[in-house]
Amino acid sequence: MGAELGNYKSCVSARSTDKELLKHAQDGGIVTSLFAFALEEGIIDGAIVAANKEFAAKYPSKCMMDNSNFDMIEPWRPIPAIVNTKAELIAAAGTKYNISPNVSLLKEATRSFGLDKIGIVGTPCQMQAVRKAQLYPIGMRDVGASIALAVGIFCMENFPYQSILQLVEDHAAMKLESVKKMEIGKGKFWVYGKRGQVVQLPLKITHKYEQPGCHVCLDYVANLADVSTGSVGSPDGWSTVMVRSKIGDSVWGKAMAAGCFETQPIEKVKPGLELVTKLANEKITKNKKTLEGRATFGVGKALRNPYI
Ligand SMILES: Cc1cc2nc3c(=O)[nH]c(=O)nc-3n(C[C@H](O)[C@H](O)[C@H](O)COP(=O)(O)OP(=O)(O)OC[C@H]3O[C@@H](n4cnc5c(N)ncnc54)[C@H](O)[C@@H]3O)c2cc1C
Ligand code: SF4
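Conventions we followed
- Residues numbered from 1 in each chain as written.
- Chains lettered and ligands numbered in written order.
- Predicted model: local features only at pLDDT ≥ 70, side-chain atom pairs only at ≥ 80, totals over all residues.
- Heavy atoms only, no water.
- Helix = DSSP H or I, 4+ residues; strand = E, 2+ residues; numbered from the N terminus.
- Buried < 20%, exposed > 50% of the residue type's maximum accessible area, 1.4 Å probe, protein only.
- Contact = heavy atoms within 4.5 Å.
- Areas by Shrake-Rupley, 256 points an atom, 1.4 Å probe, with all protein chains shown as cover.
- Phe/Tyr/Trp six-rings, centres within 6.5 Å; stacked < 30°, edge-to-face > 60°.
- Near = heavy atom within 4 Å.
- Nonpolar A, V, L, I, M, F, W, Y, C, P; charged D, E, K, R; others polar.
- Polar contact = N/O pair within 3.5 Å; in protein donor to acceptor, adjacent residues only side chain to side chain.
- Pairing = 2+ DSSP bridges.
- Axes fitted to C-alpha atoms, helices over the stretch in contact; angles between N-to-C directions.

### Remarks on the overall build of the protein chain
Within the protein chain, the secondary structure is distributed over 10 helices and 11 strands. Each principal axis of the C-alpha atoms in the protein chain carries an extent, and together these give about 55 × 45 × 45 Å. For the protein chain, the residues scored as buried account for 49% of the 308 residues in total. By sequence separation, contacts in the protein chain at least 24 residues apart represent 68% of the contacts at least 6 residues apart. As presented, the protein chain carries roughly 15100 Å² of accessible surface, and 55% of it is formed by carbon and sulfur atoms.

### What to know about the packing of aromatic side chains
For any pair of aromatic rings, geometry is given as the distance between the ring centres together with the angle between the planes. Applying the stated rule across the entire model yields 6 aromatic pairs. Seen from their ring centres, Tyr-97 and Phe-189 are 6.2 Å apart, and the 70° between their planes marks the pair as edge-to-face. Of this pair, Tyr-97 sits in the loop between helix H4 (86-91) and helix H5 (106-110) while Phe-189 sits in strand E7 (residues 188-193); the two residues are 92 residues apart in sequence, bridging distant segments of the chain. Under the relative-accessibility criterion, Tyr-97 is labelled buried at 14%. Overall, the relative accessible area of 0% leaves Phe-189 in the buried class.

### Let's talk about the site of ligand 2
Thr-123, Pro-124, Cys-125, Cys-155, Met-156, Glu-157, Asn-158, Gln-211, Cys-214, Cys-217 and Lys-283 make up every residue found near ligand 2. Among the residues making up the shell around ligand 2, the classes are represented as 6 nonpolar, 3 polar and 2 charged.

### A short note on the site of ligand 1
Taken together, 31 residues lie around ligand 1, and Asp-27, Thr-32, Ala-50, Thr-95 and Ser-231 are the ones closest in. In the environment of ligand 1, an oxygen atom lies 2.8 Å from a nitrogen or oxygen atom belonging to the backbone of Ala-50. Between ligand 1 and the protein, one listed contact pairs an oxygen atom with a side-chain N or O atom of Thr-95 at 2.7 Å. Of all the elements in the fold, those that place two or more residues in the shell around ligand 1 are helix H2 (30-40) and strand E2 (46-51). In terms of residues, the shell around ligand 1 owes the most to one element, H2, which gives 3 residues. Across the shell around ligand 1, the residue classes tally to 15 nonpolar, 13 polar and 3 charged.

### Overview of the sheet that holds strand E9 (residues 227-230)
Read across the sheet, 8 strands follow the order E3-E2-E4-E5-E9-E10-E1-E11 without closing on themselves; strand pairing throughout is mixed. Taken across any chain shown, the strands that pair with only one partner, and hence form the sheet edges, are strand E3 (79-83) and strand E11 (261-265). The average undirected angle you get between the axes of adjacent strands in this sheet is 30°. With 5 bridges connecting them, strand E1 (residues 10-16) and E11 associate as antiparallel partners. Within E11, the residue paired with Arg-15 across the bridge is Glu-262. The sheet contacts of H2 involve E1, E2, strand E4 (118-122), strand E5 (147-153), E9, strand E10 (239-243) and E11, and relative to E5 the element is tilted by about 170°.

What follows is the structure, given as structure tokens:
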């Protein structure tokens, strides 16, 4: 292969220098710190993120929802929201392991929210959607030029909300509202309770709950983002960061100069890019097989292949 990590200008292991922010972040706080810096510098005037129930209760005007009864939102259901301050960014930090339709706010960000320079975070498929909207703006008039910074997060697979509910409440025997953090790493699905409990589930339990659409996905490290980041490859509390585009390079360079991040060369950390490459290869090889299977799925009839 060789193309599994996409094009990038530089790759480092990094974490935010903001200790308070790090308490709320999933890994090295790259997404939250980079957007906070970009907001401060006027590089973006708002960012689309995945918020939650508590966020919606505190900042209702930042979430585009028909139903204003925020009590009805379930714990750990992501709510796409537009943030304009560091406090709002921090309130939306952390990984929600279920689908957050962040791209659904893209057009509205330029309309009702009046943004001219949008930041957006998302999974690799969401970065693809952002780029497609820029190149083929069907129903997305004027949106493309307003996208100022697209930050991608690595993603092996995602889950529907119901699956997360089953995994946490049934398999891990914890109530979703009592969960502080979830994490997939070191071959396990980890659930951390607010009272200090830790439950780990082997990934073989989680497989059947995966979103089926993820099984045709051929991108692990958000190849189309300006900057991509994930936990894999770096030590706990740190992130692997791939700076990809000219825009990404410029923002990352300015944020580094402003002291937003501490970094280590990726070659110096364990497990480093070797593991990222291995996992990217595994994902792509497995999902290519699923795609091939779709070509001969029916008798004399194929299922659609979105790549051709
Ligand atoms: C479904 C999923 C699968 C992942 N799989 C992997 C993996 O296999 N390997 C790996 O290294 N990393 C994976 N990640 C990424 C990792 O969990 C962290 O999100 C990433 O390292 C960023 O950490 P941070 O500390 O920089 O982010 P933070 O500063 O904590 O910010 C995280 C940002 O992501 C946004 N966000 C949270 N959940 C979602 C969501 N569901 N969809 C879109 N945006 C969201 C938040 O709003 C926030 O802005 C996955 C993330 C998701 C959502
Ligand atoms: S595995 Fe692919 S399709 Fe599924 S959420 Fe992640 S990036 Fe999107």
